[in-house]
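# Structural description and commentary
Next come the chains, spelled out residue by residue.
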Amino acid sequence: MRVDNSRWVKQYPYFHDYPGSIIPLVGQNFETGNILFNQSSEQVWIGAYSPFGVLPIGI
């Protein structure tokens, strides 16, 4: 996750986009450090159209 996203993610951790129509996704998700807690070494999942840290379906 890019550092410039850390401000709004901390204020709105469940914010995410909704597609305007049906979009096929390939299921590519990524693990990143949990930026919601400064001293945490916890890893969380991020992916398209998914809130920060919410485990995508199929993982």
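Here the structure is a predicted model, which means the values were calculated and not measured.

### Here's the deal with the pairing of strand 2 (residues 43-47)
Burial of strand 2 is one-sided: the residues Val44 and Ile46 facing one way are buried, the residues Gln43, Trp45 and Gly47 facing the other way are not. Alignment of strand 1 (residues 29-33) against strand 2, held across five bridges, turns out to be antiparallel. Residue pairing for strand 2: Asn29 is matched across the bridge by Gly47.

### Regarding a nonpolar patch on the surface
Taken together, the side chains of Trp8, Tyr12 and Phe15 define a hydrophobic patch exposed on the protein surface, amounting to about 360 Å² of accessible area. The residue Trp8 is located in helix 1 (residues 6-11) in this model. Judged by relative accessible area, Trp8 falls into the partly exposed class, the value being 36%.

### Regarding the confidence of the model for the protein chain
In the predicted model, the protein chain carries a mean pLDDT of 76, and the fraction of residues at 70 or more is 81%. Taken element by element, the protein chain is modelled with least confidence in helix 1, mean pLDDT 74, and with most confidence in strand 1, mean pLDDT 86.

### Points about the environment of Tyr14
Considering the arrangement of structural elements, one finds Tyr14 in the loop between helix 1 and strand 1. Residues Tyr14 and Ser50 lie 36 residues apart in sequence; the distance between their C-alpha atoms is 8.3 Å.

### Side note on the side chain of Asn34
Positionally, Asn34 belongs in the loop between strand 1 and strand 2. Judged by relative accessible area, which is 7%, Asn34 ranks as buried. One polar contact links Asn34 to Glu42, side chain to side chain, over a distance of 2.7 Å.

### Some details on the environment of Gly47
Mapping Gly47 onto the fold places it in strand 2. According to the relative accessible area criterion, Gly47 is partly exposed, its value standing at 22%. The spacing of Gly47 and His16 is 31 residues in sequence and 9.9 Å in space, taken between C-alpha atoms.

Conventions we followed
- Residues numbered from 1 in each chain as written.
- Predicted model: local features only at pLDDT ≥ 70, side-chain atom pairs only at ≥ 80, totals over all residues.
- Heavy atoms only, no water.
- Buried < 20%, exposed > 50% of the residue type's maximum accessible area, 1.4 Å probe, protein only.
- Helix = DSSP H or I, 4+ residues; strand = E, 2+ residues; numbered from the N terminus.
- Pairing = 2+ DSSP bridges.
- Patch = residues over 30% accessible without salt bridge, like charges linked within 9 Å, V, L, I, M, F, W, Y side chains within 5 Å.
- Areas by Shrake-Rupley, 256 points an atom, 1.4 Å probe, with all protein chains shown as cover.
- Salt bridge = Lys/Arg side-chain N within 4 Å of Asp/Glu carboxyl O.
- pLDDT = per-residue confidence, 0-100.
- Polar contact = N/O pair within 3.5 Å; in protein donor to acceptor, adjacent residues only side chain to side chain.

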